[in-house]
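One-letter residues, chain by chain:
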Amino acid sequence: MAAPGSGGGSRADNGYGSQQPRRRRGPGALATAYLVIYNVVMTAGWLVIAVGLVRAYLAKGSYHSLYYSIEKPLKFFQTGALLEILHCAFGIVPSSVVLTAFQVMSRVFLTWAVTHSVKEVQTEDSVLLFVVAWTITEIIRYSFYTFSLLNHLPYLIKWARYTLFIVLYPMGVSGELLTIYAALPFVRQSGLYSISLPNKYNFSFDYYTFLILVMVSYIPIFPQLYFHMLHQRRKVLSQTEEHKKSE
């Protein structure tokens, strides 16, 4: 489901550039080469989306309905994040499979099960809100991972990763919630993805109610994740400052 963790926030570190006091053994040379290529490709992909948004805005002179200009690359590269679950499952990256799957699938859910499936919401400004938040977040995140794997992480990228979420996270969450809310009447009217009784499986499912539950789930999850990230920011950046002073 589309959880608050998907809203332009800082995703789990996925093992790259871990800030723990004790260093974990990194991936092997082959795995490192693969991860560098993957993160470079994903960085480039989200840069393509960013450039597409800017070009479409300059051409139209309006920020309305910019979704159509980046729809295909957005779907492709957001779906490409599913590989991160496999990275954890195969032990290439020492991160929780469950947590990573939850965070990745929330984005994929919003991309395909809401924005793609409910065509009427694609013109909503709220879609642009979370797309912009996602785009900036992912460019920074994948750049962070790439430079961490190469053991050459610029302070500016580290600072951006642990600072810009302060604005991007609420921005993304707001866009996601408003988009799901805008989809509700169309889902209710069309009965999208809903299963009614009677049927041979004796099973019913109301997608409309499910989306409402997804929205409600933001209430307990968003504050916890947001304050956790604030704590991580203080921890990581203070360690960096201490390291600079000791040099």
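Our structure is the block above this text.
Residues numbered from 1 in each chain as written. Predicted model: local features only at pLDDT ≥ 70, side-chain atom pairs only at ≥ 80, totals over all residues. Heavy atoms only, no water.

## Regarding the pattern of salt bridges
Within this structure, the stated rule accounts for four salt bridges. In this structure, the salt-bridge partner of Arg141 is Glu84, at a minimum N-O distance of 3.1 Å. Of this pair, Arg141 sits in helix α5 (residues 125-149) while Glu84 sits in helix α3 (residues 83-89), placing them 57 residues apart in sequence. Judged by relative accessible area, Arg141 falls into the buried class, the value being 0%. A salt bridge links Glu138 to Arg141; the shortest N-O distance between them is 2.7 Å. Here Glu138 pairs with Arg141, and both are found in helix α5, just three residues apart, close to one helical turn. One network of salt bridges, with partners in common, ties together Glu84, Arg107, Glu138 and Arg141. (Salt bridge = Lys/Arg side-chain N within 4 Å of Asp/Glu carboxyl O. Helix = DSSP H or I, 4+ residues; strand = E, 2+ residues; numbered from the N terminus. Buried < 20%, exposed > 50% of the residue type's maximum accessible area, 1.4 Å probe, protein only.)

## Examining helix α4 (residues 97-116)
Bending of α4 peaks at approximately 30° at the position of Phe109. By the N-cap criterion, in which a side-chain oxygen at the helix start approaches the backbone nitrogen of a residue two or three places on, α4 is capped by Ser96, the distance to Val98 being 3.4 Å. (Bend = angle between axes of the 7 residues up to and from the residue. Polar contact = N/O pair within 3.5 Å; in protein donor to acceptor, adjacent residues only side chain to side chain.)

## Observations concerning the packing of aromatic side chains
The way to describe two aromatic rings as a pair is by their centre distance and the angle between their planes. In total, this model carries 18 aromatic pairs according to the counting rule given. Taking 5.8 Å as the distance between ring centres and 50° as the angle between the ring planes, the aromatic pair formed by Phe205 and Phe210 counts as tilted. Ring pairing ties together the aromatic residues Tyr34, Tyr38, Tyr142, Phe144, Tyr145 and Tyr162, which thus form one cluster. The positively charged end of Arg141 is found above the aromatic ring belonging to Tyr142, 4.4 Å away from the centroid. Lying across the ring of Tyr208, Arg188 places its NZ or CZ 4.8 Å from the centre. (Phe/Tyr/Trp six-rings, centres within 6.5 Å; stacked < 30°, edge-to-face > 60°. Lys NZ or Arg CZ within 6 Å of the ring centre and 35° of its normal.)

## Considering a nonpolar patch on the surface
On the surface, a nonpolar cluster with roughly 430 Å² of combined accessible area is contributed by Ile136, Tyr155, Leu156, Trp159 and Leu164. It is helix α6 (residues 155-161) that contributes the most residues to the nonpolar patch, three residues altogether. Structurally, the position occupied by Ile136 is in helix α5. When its relative accessible area of 34% is taken as the criterion, Ile136 is described as partly exposed. (Patch = residues over 30% accessible without salt bridge, like charges linked within 9 Å, V, L, I, M, F, W, Y side chains within 5 Å. Areas by Shrake-Rupley, 256 points an atom, 1.4 Å probe, with all protein chains shown as cover.)

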